[in-house]
Amino acid sequence: MLCLCALALAGCRPSLTPSKPLSELTPRELRGHQVYQAECARCHYANSQDGLRGPGLEGVFRKKYLASGLPANDHNVEQSILYGRNMMPSFGNDLSQQQLDDLMAYLHTL
Ligand code: HEC
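Notes on the structure follow.

Each value, and the rule that gives it
Residues numbered from 1 in each chain as written. Predicted model: local features only at pLDDT ≥ 70, side-chain atom pairs only at ≥ 80, totals over all residues. Heavy atoms only, no water. Near = heavy atom within 4 Å. Polar contact = N/O pair within 3.5 Å; in protein donor to acceptor, adjacent residues only side chain to side chain. Helix = DSSP H or I, 4+ residues; strand = E, 2+ residues; numbered from the N terminus. Nonpolar A, V, L, I, M, F, W, Y, C, P; charged D, E, K, R; others polar. Axes fitted to C-alpha atoms, helices over the stretch in contact; angles between N-to-C directions. Parallel < 35°, antiparallel > 145°, perpendicular 65-115°, else oblique. Contact = heavy atoms within 4.5 Å. Salt bridge = Lys/Arg side-chain N within 4 Å of Asp/Glu carboxyl O. Buried < 20%, exposed > 50% of the residue type's maximum accessible area, 1.4 Å probe, protein only.

Once that is clear, we can look at the site of the ligand. Within the structure, the ligand sits among 22 residues, and C40, C43, H44, S68 and M88 are positioned closest to it. Measuring from an oxygen atom of the ligand, one finds a side-chain N or O atom of S68 at 2.5 Å. A distance of 2.8 Å separates an oxygen atom of the ligand from a polar atom in the side chain of N86. Among the secondary structure elements, those contributing two or more residues to the shell around the ligand are α3 (74–83) and α4 (97–107). Its residues assigned to classes, the shell around the ligand comprises 13 nonpolar, five polar and four charged.

Right under this line is the structure:
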């Protein structure tokens, strides 16, 4: 019975297990979190699949597909970050390789 209620509340969204809590992030993931807060948080929720200016990124790598329908893999996410995508600006000139690597590590914890 409880299970049925949970399913009903989740609606048609695939329900995800919780993301890795901030308190458990490795130093590298934490640095990525800082990059995310500075560059991405104004347009993307990290803890929700709801859209802000861009799609919510909760579970971005735990789902099969990105909002665009492309497979959710490192290559496709890095392409959006480096070159932008429609209304999303590009960050290729703003992020060092280190910052990009840290950011990717953090995105994998969502
Ligand atoms: C000014 C707002 C804005 C900022 C800042 C921004 N994004 Fe986006 N992002 C968007 C929008 C809008 C889309 C939807 C693009 C589209 O039409 O497919 C998007 C799409 C995405 C997608 C999904 C791509 C796909 O194929 O569906 C990812 C992943 C993403 N952004 C990651 C990031 C990350 C990581 C950052 C920080 C470096 C970031 N975004 C910064 C607006 C933004």
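After presenting the structure, the write-up continues.
Let us look at the packing of helix α2 (residues 27–39) against α4. Packing of α2 against α4 brings their axes to within 7 Å, and their N-to-C directions diverge by 100°. For the element pair α2 / α4, the angle class is roughly perpendicular. Taking contact as the criterion, the partners of R28, E29, R31, G32, H33, V35 and Y36 in α2 are, on α4, Q98, Q99, D101, D102, L103, A105, Y106 and L107. Of the residues contributing to the contact of α2 with α4, the split by class is six nonpolar, four polar and five charged.

The next subject is the pattern of salt bridges. For the coordinates displayed, the defined rule picks out three salt bridges. E29 is the salt-bridge partner of K20, the closest N and O atoms lying 2.9 Å from each other. Looking at K20, the relative accessible area reads 32%, which means it is partly exposed. Among the residues examined, E29 registers a relative accessible area of 12% and is labelled buried. Two residues, D102 and R28, come together in a salt bridge whose shortest N-O distance is 3.6 Å. Pair noted here: D102 is in helix α4 and R28 is in helix α2, with a separation of 74 residues, a long-range link.

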